[in-house]
Amino acid sequence: MHSIGGLMKKDFLLIRRFIWLLAIYAVVFSGIMQKENHTLIYSLFPGLLLILGISSDSQRSAQQFLVSLPVPRNRLVLSKYLSSLILVVAAVLIATGMNFASDLLYGHPVHLDLMLIVGTFLSMVVFMSIYLPFFYWLGLKGFQVVNVVMMIAIMVANGVMTSLLTASDFRFLQDRFLEQPGLSWIFLILLTLLVSVISYLISCRAFRTRDL
Amino acid sequence: MTAIDVQGLSKRMNGFALQQVSFSVPKGYITGLIGPNGAGKSTLIKIMMGMVTPDQGSITIHGQSAGIAGAAYKANIGYVSDENIYYDTLTLGEMKEIFKSFYPRWDEGQFKEYLDRFELPVKKKIKDCSKGMKTKFALALALSHHPDLLIMDEPTAGLDPIFRRELLELLAEFIQDEKRTVLFSTHLTTDLDKVADYITFIHRGKLAFSQTKEEILERHLIVKGSKELLDSDTRKEFVGLRETDFGFEGLTADGSRLQSIFGSSALYHQPTLEDIMYYTAKGGKAYA
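Remember, predicted model here, so these are calculated numbers, not experimental data.

## Brief notes about the overall build of chain A
Turning to step 1, where the next piece is worked out: On a plain count of helices and strands, chain A comes out with nine helices and zero strands.
Turning to step 2, where the next piece is worked out: From first element to last, N terminus to C terminus, chain A shows the α and β order α-α-α-α-α-α-α-α-α.
Turning to step 3, where the next piece is worked out: Counting the 212 residues in chain A, one finds 46% classified as buried.
Turning to step 4, where the next piece is worked out: The contacts in chain A between residues at least 6 apart in sequence include a share of 80% that link residues at least 24 apart.
Turning to step 5, where the next piece is worked out: Of the roughly 11,100 Å² of accessible surface on chain A, a fraction of 72% belongs to carbon and sulfur atoms.

Written out as structure tokens, the structure is:
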């Protein structure tokens, strides 16, 4: 576990150089600048932070360094998942904080949309679960293409989700969800957990015999 | 006692193949891994460090199975890569903080000594360091956790002569207690002339030889003579042969035998490691 701590510390040290970029994005995508669409930050900001955090080890030299350490490859993968999870939590908290700040700034009533926050967290975990196996499977060039595709997917998904939330068909699902909110959330959380575990196993398999 | 035992190692990748390579690295000595560019030296080292999976064969380091299956054996290895593998955007100090957390025997005092000795500024970013500084940093990290085995991939390439000499002196100090081992790959044979005890020569993915430096130099002989001495039988005695209009010069792996064949008709002298590598790489083909 000591080695996982060291690896996670490395991930957070590497993301530090993007602090100003992230601060700018946090302001631009939040309700401070996006008065009509304060939910934009919930999809774009965590996605950006996740991509930056994972990409820090995309270079072959970085992966050679990691593999030269006395740490098994599956533990290298596990540390990446844990770091990414913490980044998602941090991003969702920052997004919530920025929207609080925008509510205070414009004199709006401060409100906490729990469904949006938890929904964002779970969807980002699913996004991470799709993204990480590509990271471990592809070489640098392939991974750079995936980065671009993933950013576009996040932007498109934000628009799609906004439309779905107002669509009448989706309202039916929402009502069913709200009839049994506890069970529904448990189901979603377990499903997200299952997707994450499958993703981890795929990543371990992809990375286990990859030549660096 | 062996530090590293390589058995039947084969690997095919990118139009290159390591073929059934087997050799041992004795404990307590410096072994040089030599060969021309593209011979397979780096691939061998990467297999030892678990970066590449062999198609066949096995490697044992200090009795533990090495490669992708395990990782604990690397705690006793100091590794210096041929390229910078550390994060460019971090400072030397930040990189050290990350690195040391993985090695229980990390010695902060020793690291500071190496920083002073190599004149490395701890707050400088790795990307702003010269190639020499990066190599020195890699060496400082590798040595500061008191490894039993030092594996280095072309550590002197691109270094100035002053630091190259200093590095070779460091290696000689490192093995003084006869319990620690060094394996370093290079195509600069002059480095091995100075410090190596054993030489393992890899050529086109195959093992040419693996012996003590003295045995290699004693066994091989450069022979010079007139073209009349060459026929289909005597040509077979040479590892590599260079013919001109006036005569020939060649390398044999059995000097005493060729001396008994040619007697005083030819001239003989002891080859250097560079000569052995040169003629072995050129092969038995006659060339000008």
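## Here's the deal with the packing of aromatic side chains
Turning to step 1, where the next piece is worked out: This model, assessed by the stated rule, comprises 23 aromatic pairs over all chains.
Turning to step 2, where the next piece is worked out: Both rings, one in Y114(B) and one in F118(B), keep their centres 5.7 Å apart while their planes meet at 25 degrees; by these two values the pair is stacked. Here Y114(B) and its partner F118(B) are both found in helix α3 (residues 108-118), four residues apart, which amounts to about one turn of the helix.
Turning to step 3, where the next piece is worked out: According to the relative accessible area criterion, Y114(B) is buried, its value standing at 10%.
Turning to step 4, where the next piece is worked out: Classification of F118(B) by relative accessible area gives buried; the value is 3%.
Turning to step 5, where the next piece is worked out: An aromatic cluster is defined as three or more aromatic residues linked by ring pairs; in this entry it consists of F65(A), Y86(B), Y87(B), F99(B), Y103(B), W106(B), F111(B) and F137(B).
Turning to step 6, where the next piece is worked out: In this structure, R73(A) packs its charged tip against the face of F207(A), placed 5.1 Å from the ring centre.

## Observations concerning a nonpolar patch on the surface
Residue and element names in this part refer to chain A.
Turning to step 1, where the next piece is worked out: Among the surface-exposed residues, F187, L188, L191, L194, I198 and I202 lie close enough to one another that they form a single nonpolar patch of about 540 Å² accessible area.
Turning to step 2, where the next piece is worked out: The residue I202 is located in helix α9 (residues 181-208) in this model.
Turning to step 3, where the next piece is worked out: Classification of I202 by relative accessible area gives partly exposed; the value is 46%.

## Here we look at unusual backbone geometry
All names here are of chain B.
Turning to step 1, where the next piece is worked out: Of note, the phi angle at H62 is positive, near 50 degrees, even though the residue is not glycine.
Turning to step 2, where the next piece is worked out: Structurally, the position occupied by H62 is in the loop between β4 (56-61) and β5 (64-66).
Turning to step 3, where the next piece is worked out: Take H62: its relative accessible area is 28%, and that puts it in the partly exposed class.

## Considerations on the domain arrangement of chain B
Turning to step 1, where the next piece is worked out: As assigned here, chain B comprises domain 1 (2-216) and domain 2 (221-269).
Turning to step 2, where the next piece is worked out: Its C-alpha centre places domain 1 of chain B at a distance of 37 Å from the equivalent point of domain 2 of chain B.

## Observations concerning the sheet that holds strand β7 (residues 149-153) of chain B
Residues and elements named next belong to chain B.
Turning to step 1, where the next piece is worked out: An order of β6-β7-β8-β3-β9-β10 is seen for the six strands of this open sheet, with the pairing classed as mixed. Of all the strands in the sheet, just β6 (77-80) and β10 (206-212) have a single pairing partner and so form its edges. Geometrically, the sheet is characterised by an average inter-axis angle of 15 degrees between neighbouring strands, direction not taken into account.
Turning to step 2, where the next piece is worked out: Both β6 and β7 contribute to a ladder of four bridges, which runs parallel. The residue bridging V80 from the neighbouring strand is M152, located in β7.

## Focus: helix α4 (residues 131-143) of chain B
Residues and elements named next belong to chain B.
Turning to step 1, where the next piece is worked out: The terminal C-alpha atoms of α4, which comprises 13 residues, lie 18 Å apart, in line with the 18 Å expected from a rise of 1.5 Å per residue.
Turning to step 2, where the next piece is worked out: In terms of burial, α4 is a largely internal element, eleven of the 13 residues being buried.
Turning to step 3, where the next piece is worked out: Turning to α4, its buried residues number three or more, namely G132, M133, T135, K136, F137, A138, L139, A140, L141, A142 and L143.
Turning to step 4, where the next piece is worked out: In this structure, the buried side of α4 is in contact with β6, α2 (92-100), α3, β7 and α5 (161-174).

Thresholds, definitions, all that
- Residues numbered from 1 in each chain as written.
- Chains lettered and ligands numbered in written order.
- Predicted model: local features only at pLDDT ≥ 70, side-chain atom pairs only at ≥ 80, totals over all residues.
- Heavy atoms only, no water.
- Helix = DSSP H or I, 4+ residues; strand = E, 2+ residues; numbered from the N terminus.
- Buried < 20%, exposed > 50% of the residue type's maximum accessible area, 1.4 Å probe, protein only.
- Contact = heavy atoms within 4.5 Å.
- Areas by Shrake-Rupley, 256 points an atom, 1.4 Å probe, with all protein chains shown as cover.
- Phe/Tyr/Trp six-rings, centres within 6.5 Å; stacked < 30°, edge-to-face > 60°.
- Lys NZ or Arg CZ within 6 Å of the ring centre and 35° of its normal.
- Patch = residues over 30% accessible without salt bridge, like charges linked within 9 Å, V, L, I, M, F, W, Y side chains within 5 Å.
- Salt bridge = Lys/Arg side-chain N within 4 Å of Asp/Glu carboxyl O.
- Domains from an automatic or database assignment.
- Pairing = 2+ DSSP bridges.
- Axes fitted to C-alpha atoms, helices over the stretch in contact; angles between N-to-C directions.
- Expected span 1.5 Å × (residues − 1).

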